[in-house]
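Chain residues, written in single-letter form:
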Amino acid sequence: MKIGYYPGCSLEATAKEYDMSTREILKELDVELEELDDWNCCGASAAYSTDYMLSLALPARNIAIAEKAGLDVLAPCPECYVRLWKTNDAAKEDPKLLEKINKTFKGTDLEYKASVDIRHPVDIILNDVGLEKLKEKVKKPLTDLRVVPYYGCVLVRPPRKNSFDSAENPTSLDKIISTVGATPVDFPMKTKCCGAPLILADEDVMIKLADALFSKAKELGADCMITACPLCHMGLDGKQTSIEKAYDKKIDMPVLYFTQLIGLALGISHKKLGLDKNLVSTSKLVKSFSAAPK
Amino acid sequence: MAEVMAQVVPQQTIKLKDCDPNFVKEVIKAGGKNAHICFQCGTCTAGCPTVYAMDYTPRQILRMVNLGMKDKVLQSGTIWLCASCYTCQSRCPRGVEITSLMGALKSLAIKEGVDVKNIKGPAFYNSFIDIAMSNGRMFEPMLFLKFAMKSEGSLTGAAKAMMKDAPFGMKLVMKGKMAFVPHKIKQSKQLKTIYENIKKMEGESE
Ligand code: SF4
Ligand code: SF4
């Protein structure tokens, strides 16, 4: 299959390893990506916190670009994903809203029809590639690795019509973890907010919320956590040393993008997966699984 | 960290003359969708991860919005502590779009230029949108700089804040995760046009 790729700003910078590993594993799983031409920032939470129409127009411009190319949109960053699908699903149901969005495009050659679909890589792997195929492709099962499936907020919330997962008790990442041979930790806080959206505006709050997640993960004997979100990753991986400092303790918990975990099991080199770009060292994991062919 | 127990705010008399009956309409127009159908069950408050630091709970904010308590709502710390996690919105038995409402309140506070001590939300969102609209893509070094300038309000304050975050920034640079030059999209003019259209549309419907 072929799909329009919308990396979003994070994947070009602070989440480079997410971009690298997403491209790598999807190639291996026969999903072809065509990056949308001249895409723009989706506006994230900043757009709807400053101007409602702007929060619709920014995602819509990207979808219009995908429509011109005749492609559905793949958005790995959950914040981009939610901004894109919320705009698109609403415009599909409400012709007046669609018209209003197009009014913001007056004087440009953009035309938005709300005619394509917005997808997430977790959804693609579950429902298009399929877990069976993923299993066939596994070269190095991640045996005995205890992984926390951390969903965070906007990957599954707010509930979307025909969503690939449940908002209250999602299981898609759990299934992916099992399929690559690892053990999903039954994590009661898997959808609890890590506070990362407040990293800049109120770091203390973020540190407190993220610490609660790590305490639970440690208590349950986790070896690592996975996430699908660049913002969660920034909080949990990027700011882990700040949390250690604030509470004067050692956490030392690798936090991987779920695509990096899959990539390890597919036998893709750790360099290509950007596993050397995570701030908390992943070398133990790499050592255990990078050199042990089936 | 201020741990405010919002739940124990003493009972106050709400004076109708301090209320703005049009406020809820204004909020709905700004993206607050269906704020008026809240029936005060408190489910939103029960699941909110940041409520411990808020001055009013999400349920209280809903009530205050519907009563038209504009000034108090727009000056509350609550709206800036909302992490946009969508827990409340997913669980509300009335289907109130609470997260969207919090966003709408933030946008109104920003438009009215509300300035609350120690609240850095407006500085963050404004910096973010400035960059997104002029370049079409985020540029983190500029985001840090602009945010520090806006939230600290002085060059020395900004420098101090930047110094505090410098080690983290350096780590990102070392890992190749921070760009040195901004990426400007080819059609950045389109964004300017879009922005102007939106301003015009807002003027028309008023
Ligand atoms: S959960 Fe919904 S109905 Fe209940 S108080 Fe909150 S907004 Fe109102
Ligand atoms: S979206 Fe905001 S108000 Fe609602 S539960 Fe999350 S942090 Fe609280």
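Caption draft 1: Seen up close, helix 8 (residues 121-135) of chain B. Given a rise of 1.5 Å per residue, 15 residues ought to cover 21 Å, and the 21 Å separating the end C-alpha atoms of helix 8 of chain B matches this to within 8%. Among all positions in helix 8 of chain B, only G121, P122, A123, F124, Y125, S127, F128, I129, I131, A132, M133 and N135 of chain B are buried. The secondary structure elements touched by the buried residues of helix 8 of chain B are helix 3 (44-48) and helix 4 (52-69) of chain A together with helix 5 (78-81), helix 7 (98-111), helix 9 (140-152) and helix 11 (188-204) of chain B.

Caption draft 2: Layout of the interface of chain A and chain B. In this complex, chain A contributes 62 residues to the contact, which on the side of chain B involves 66 residues. Across the interface of chain A and chain B, roughly 5,500 Å² is buried in total on both sides, 62% from carbon and sulfur atoms. Here chain A is connected to chain B by nine salt bridges. With a shortest N-O distance of 3.6 Å, K199 of chain B and D51 of chain A are connected by a salt bridge. Across the contact surface, chain A and chain B share 26 residue pairs in polar contact (both at pLDDT 80 or more). Of all the secondary structure elements, the ones that give two or more residues to the side of chain A that touches chain B are helix 1 (8-12), helix 2 (16-28), helix 3, helix 4, helix 5 (78-93), helix 6 (95-104), helix 9 (203-219) and helix 10 (230-238) of chain A. Taken together, the residues of the side of chain A that touches chain B sort by class into 28 nonpolar, 12 polar and 22 charged.

Caption draft 3: Quick look at the site of ligand 1. Residue and element names in this part refer to chain B. Around ligand 1, the surrounding shell holds 14 residues, and the nearest of these are C38, C41, G42, C44 and C92. When residues of the shell around ligand 1 are traced back to their parent elements, those giving at least two are helix 2 (43-47) and helix 3 (58-67). Within the shell around ligand 1, the residues separate by chemical class into nine nonpolar, three polar and two charged.

Caption draft 4: Here's a closer look at a nonpolar patch on the surface. Residues and elements named next belong to chain B. On the surface, a cluster of nonpolar side chains totalling about 360 Å² of accessible area is made up of M142, L145, M149 and L155. It is helix 9 that provides the largest number of residues to the nonpolar patch, a total of three residues. Note on placement: L155 falls in helix 10 (residues 155-174).

Conventions used here
Residues numbered from 1 in each chain as written. Chains lettered and ligands numbered in written order. Predicted model: local features only at pLDDT ≥ 70, side-chain atom pairs only at ≥ 80, totals over all residues. Heavy atoms only, no water. Helix = DSSP H or I, 4+ residues; strand = E, 2+ residues; numbered from the N terminus. Expected span 1.5 Å × (residues − 1). Buried < 20%, exposed > 50% of the residue type's maximum accessible area, 1.4 Å probe, protein only. Contact = heavy atoms within 4.5 Å. Buried area = accessible area lost by both parts, 1.4 Å probe. Salt bridge = Lys/Arg side-chain N within 4 Å of Asp/Glu carboxyl O. Polar contact = N/O pair within 3.5 Å; in protein donor to acceptor, adjacent residues only side chain to side chain. Nonpolar A, V, L, I, M, F, W, Y, C, P; charged D, E, K, R; others polar. Near = heavy atom within 4 Å. Patch = residues over 30% accessible without salt bridge, like charges linked within 9 Å, V, L, I, M, F, W, Y side chains within 5 Å. Areas by Shrake-Rupley, 256 points an atom, 1.4 Å probe, with all protein chains shown as cover.

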